[in-house]
Amino acid sequence: MEEALAAAGVVDRLTGATLNGQALSAARSRFESAKQRFFSALLLAMKLPSLLPAIDVALQSDQSAVIQLVTTSEALLSRRLADLDPADRAELALDLSPREYI
């Protein structure tokens, strides 16, 4: 992160002094937000292999399954759809995994 900030001219490469406080704050904020979104998606993905069979067991036992969604990834989906041209939309295959955060 520090090397990227230096390369972008936000901090001085030699002294490490901040050259643009607002840009430094914005960059760190975006980094932390992306990190939180990544780990949130990762934890969700890790829970799914045990969640789906548990739902099946509950439904087979005439019980209800109540699931709380923390995110629907609607904003990510909207961004991905906006980036597609009509030809890409015809053969829609979107990756909503946390890969972009890496």
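As a reminder, the structure under discussion sits directly above these lines.
Residues numbered from 1 in each chain as written. Predicted model: local features only at pLDDT ≥ 70, side-chain atom pairs only at ≥ 80, totals over all residues. Heavy atoms only, no water.

Asker: Is there a simple way to explain the overall build of the chain in this structure?
Answerer: When you go through the chain residue by residue, the secondary structure sums to four helices and zero strands. In the chain, the succession of α and β elements from N to C terminus is α-α-α-α. Taking 2.2 N^0.38 as the reference for a compact globule, 102 residues should give roughly 13 Å; the C-alpha atoms of the chain span a radius of gyration of 20 Å, well beyond that estimate. When its C-alpha atoms are laid out on the principal axes, the chain stretches across 65 × 35 × 20 Å. Every one of the 102 residues in the chain was classed for burial, and the buried ones make up 13%. Long-range contacts, defined as pairs at least 24 residues apart, comprise 24% of the intrachain contacts of the chain with a sequence gap of at least 6. Per element, the accessible surface of the chain, about 8,300 Å² overall, is 56% carbon and sulfur. Positive and negative charge centroids in the chain, built from 10 and 13 side chains respectively, lie 7 Å apart. (Helix = DSSP H or I, 4+ residues; strand = E, 2+ residues; numbered from the N terminus. Rg over C-alpha atoms; globule rule 2.2 N^0.38 Å. Buried < 20%, exposed > 50% of the residue type's maximum accessible area, 1.4 Å probe, protein only. Contact = heavy atoms within 4.5 Å. Areas by Shrake-Rupley, 256 points an atom, 1.4 Å probe, with all protein chains shown as cover. Lys, Arg positive; Asp, Glu negative; His and termini not counted. Charge placed at Lys NZ, Arg CZ, Asp CG, Glu CD.)

Asker: In this structure, what is going on with the pattern of salt bridges? I would like to understand it.
Answerer: Note that side chains of opposite charge can pair when their charged atoms are close. Applying the stated rule across the entire model yields one salt bridge. With a shortest N-O distance of 3.1 Å, E32 and K35 are connected by a salt bridge. Here E32 and its partner K35 are both found in helix 2 (residues 21-60), three residues apart, which amounts to about one turn of the helix. Judged by its relative accessible area of 35%, E32 falls in the partly exposed class. Overall, K35 belongs to the partly exposed group, its relative accessible area being 35%. (Salt bridge = Lys/Arg side-chain N within 4 Å of Asp/Glu carboxyl O.)

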